[in-house]
Number of protein chains: 2
Amino acid sequence: MSNNLQLEKQLCFRLYSLNKLMCRLYAPLLKELALTYPQYLVMMVLWQYRQGISVKDLGGQLDLDSGTLSPLLKRMEKQALIKRERQTKDERIVLIKLTQAGIDLQQSAEHIPAKMFAVTGLSAEKLQALNLTLDQLIENIAN
Amino acid sequence: MSNNLQLEKQLCFRLYSLNKLMCRLYAPLLKELALTYPQYLVMMVLWQYRQGISVKDLGGQLDLDSGTLSPLLKRMEKQALIKRERQTKDERIVLIKLTQAGIDLQQSAEHIPAKMFAVTGLSAEKLQALNLTLDQLIENIAN
DNA sequence: CACTATTTGATTGCGTACAACTCAATTGGG
DNA sequence: CCCAATTGAGTTGTACGCAATCAAATAGTG
């Protein structure tokens with residue numbers, strides 16, 4: 001026995017499965033906002049950085065590179081949720097800012113966190129404990 | 001205050017980030033085997049189901065549909081890791097079986113779980129506790 | 001037995017992820 | 001001041017993940 005190559009034993013498979021399950025639960029809620037989950041993550045960052053944020057710093061927040069963000073932001077610009085402004089001081093930098101439609105969308109998203117919390121079926125204490133464990137794990141892994 | 005739309009508060013963002021981090025840690029190990037992480041998952045199932053498994057049952061194990069598995073399996077067939085055999089009793093069913101090369105690859109993968117466990121920096125007890133918590137969460141969510 | 005509903009797998013199209021690369025703008029060392 | 005190195009964003013190519021759709025085969029029903 002002692003076969004370590006089993007799905008049931010693997011932490012990573014649980015994380016992989018849970019991430020997919022979560023995205024599927026978000027999908028119907030986000031569909032009302034015409035957002036995908038990664039686009040929703042971008043919006044959450046932008047709702048905090050009202051003055052705008054560079055593509056690089058946005059990638060720093062979400063741990064995504066320009067290869068992912070550039071086409072994603074292009075789609076969001078086409079939806080008129082964001083606008084791009086190239087800096088004059090340093091023309092390499094593109095500042096991402098919300099449009100009024102993007103700002104307004106926050107109202108429609110306010111209810112989502114509570115709904116997602118509900119489906120987890122966890123108590124607030126268990127959720128916080130899990131968050132702390134995962135933060136520690138991220139810390140350990142990310143060096 | 002009390003803005004719930006913050007990345008730092010979101011369990012799902014942790015799962016999303018951790019899943020990506022884990023895949024990046026697997027990548028160099030799996031590159032030696034010329035496998036991606038989802039392909040590695042398929043191999044783990046096949047190493048258990050030595051007599052072969054249908055595409056549907058494989059999808060049941062991994063929670064993936066044929067839209068993902070069909071092209072993925074086609075690539076693995078091209079690498080000569082697996083072969084497809086359409087059943088004679090029920091011609092709708094395609095049985096996925098390992099080739100000898102696929103069977104042999106298990107030896108080269110034996111060291112991976114221990115290496116991945118090492119990078120988590122978790123004790124065996126903490127790992128098991130986390131696995132149990134995640135299993136409960138999956139149970140709650142999957143209905 | 002004929003007809004319909006279901007099952008199984010494949011295909012298409014879209015949206016991520018990410019490695020590898022290009023390119024322009026900026027910076028820093030001599 | 002000049003040139004090499006760095007930085008920031010974008011492009012290309014490959015591989016998922018999944019919704020929607022389709023075709024073939026089987027099972028079920030009257």
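Keep in mind that what you see is a predicted model, and the values were worked out from it rather than measured. (Residues numbered from 1 in each chain as written. Chains lettered and ligands numbered in written order. Predicted model: local features only at pLDDT ≥ 70, side-chain atom pairs only at ≥ 80, totals over all residues. Heavy atoms only, no water.)

A. Looking closely at the interface of chain B and chain A. Contacts between the two partners involve 54 residues from chain B, matched on the other side by 54 residues from chain A. Both faces considered, chain B and chain A share a buried interface measuring about 5400 Å² in area, 66% of it formed by carbon and sulfur atoms. Looking at the side of chain B facing chain A, the largest losses of area belong to Leu5, Tyr16 and Ile141 of chain B, adding up to 13% of the total buried there. Counting across the chain B and chain A interface gives 4 salt bridges. (Contact = heavy atoms within 4.5 Å. Buried area = accessible area lost by both parts, 1.4 Å probe. Salt bridge = Lys/Arg side-chain N within 4 Å of Asp/Glu carboxyl O.)

B. Region of the structure containing the side chain of Thr99 of chain A. Mapped onto the fold, Thr99 of chain A is located in the loop between strand 3 (94-98) and helix 5 (100-109). Residue Thr99 of chain A is classed as buried on the basis of its relative accessible area, which comes to 15%. (Helix = DSSP H or I, 4+ residues; strand = E, 2+ residues; numbered from the N terminus. Buried < 20%, exposed > 50% of the residue type's maximum accessible area, 1.4 Å probe, protein only.)

C. Focus on the protein's contact with DNA strand C. Neighbouring residues of DNA strand C: 26 residues in total, closest Thr36 and Gln39 of chain A together with Lys56, Ser66 and Ser70 of chain B. Arg24 of chain B has a polar side-chain atom sitting 2.9 Å from a phosphate oxygen of DNA strand C. Lys56 of chain B has a polar backbone atom sitting 2.6 Å from a phosphate oxygen of DNA strand C. Within the residue set of the surface near DNA strand C, elements represented by two or more residues are helix 2 (37-48) and helix 4 (66-78) of chain A together with helix 1 (11-31), helix 3 (55-62) and helix 4 (66-78) of chain B. Taken together, the residues of the surface near DNA strand C break down into 7 nonpolar, 8 polar and 11 charged. (Near = heavy atom within 4 Å. Polar contact = N/O pair within 3.5 Å; in protein donor to acceptor, adjacent residues only side chain to side chain. Nonpolar A, V, L, I, M, F, W, Y, C, P; charged D, E, K, R; others polar.)

D. Highlighting the nonpolar core. Tyr40 of chain A together with Tyr40 of chain B are the most contacted members of the largest nonpolar core, which totals 96 residues. What Tyr40 of chain A contacts, discounting residues up to four positions off in sequence, is Tyr26, Leu30, Leu35, Ala109, Ile112 and Pro113 of chain A together with Leu5 of chain B. (Core = buried A, V, L, I, M, F, W, Y, C linked by side-chain atoms within 4.5 Å.)

E. Up close: unusual backbone geometry. Although it is not a glycine, Asp63 of chain A adopts a positive phi angle of roughly 60°. Checked against the element boundaries, Asp63 of chain A lands in the loop between helix 3 (55-62) and helix 4. With relative accessibility at 29%, the residue Asp63 of chain A sits in the partly exposed group. Residues other than glycine seldom take positive phi values, yet Ala80 of chain B does so here, at roughly 65°. Mapped onto the fold, Ala80 of chain B is located in the loop between helix 4 and strand 2 (82-86). Since its relative accessible area comes to 39%, Ala80 of chain B is described here as partly exposed.

F. The arrangement of the domain arrangement of chain A in detail. Residues and elements named next belong to chain A. According to the domain assignment, chain A consists of domain 1 (26-106) and domain 2 (111-143). Taking only C-alpha atoms into account, the centre of domain 1 sits 24 Å from that of domain 2. The interface is formed by 5 residues belonging to domain 1 together with 4 residues belonging to domain 2. Contact with domain 2 buries area across many residues of domain 1, yet Tyr26, Leu29 and Tyr40 alone supply 81% of it, more than any other trio. Taken together, the links from domain 1 to domain 2 amount to 0 salt bridges. Across the contact surface, domain 1 and domain 2 share 0 residue pairs in polar contact (both at pLDDT 80 or more). Among the elements that make up the side of domain 1 that touches domain 2, the one with the highest residue count is helix 1 (residues 11-31) (3 residues). Classifying every residue of the side of domain 1 that touches domain 2 by side-chain character gives 5 nonpolar, no polar and no charged. (Domains from an automatic or database assignment.)

G. Structural detail: the UniProt feature "domain: HTH marR-type" (unreviewed entry) in chain A. Cross-referencing UniProt, the feature "domain: HTH marR-type" (unreviewed entry) maps to residues 8-139 of chain A in the present numbering. Secondary structure across residues 8-139 of chain A divides into 67% helix and 9% strand, with the first and last C-alpha atoms of the span separated by 24 Å. (UniProt positions renumbered as here; feature names shortened; annotations may be inferred.)

H. Quick peek at the sheet that holds strand 1 (residues 53-54) of chain B. All names here are of chain B. Read from one edge to the other, the open sheet built from 3 strands follows the order 1-3-2, with strand pairing classed as antiparallel. The open sheet terminates on both sides in strands that have one partner only, identified here as strand 1 and strand 2. Examined bridge by bridge, strand 2 and strand 3 (residues 94-98) share 5 bridges and lie antiparallel to one another. The partner of Lys83 across the bridge, within strand 3, is Lys97. Here helix 2 (residues 37-48) sits on the sheet and contacts strand 1, strand 2 and strand 3; the angle it forms with strand 3, its principal contact strand, is near 90°. The sheet contacts of helix 4 involve strand 2 and strand 3, and relative to strand 2 the element is tilted by about 120°. (Pairing = 2+ DSSP bridges. Axes fitted to C-alpha atoms, helices over the stretch in contact; angles between N-to-C directions.)

I. Representation of the relation of the copies chain B and chain A within the structure. Turning chain B through 180° and shifting it by 0.0 Å along the axis lays it on chain A, with an RMSD of 0.1 Å. The superposition operator between the copies reduces to a two-fold rotation axis. Every residue of chain B has its C-alpha some distance from the rotation axis, and the shortest such distance is that of Leu15 of chain B, at 3.1 Å. An overlap of 100% is found between the interface residues of chain B and their copies at the interface of chain A, pointing to a shared contact surface. (Least-squares fit on C-alpha atoms with pLDDT ≥ 70 in both.)

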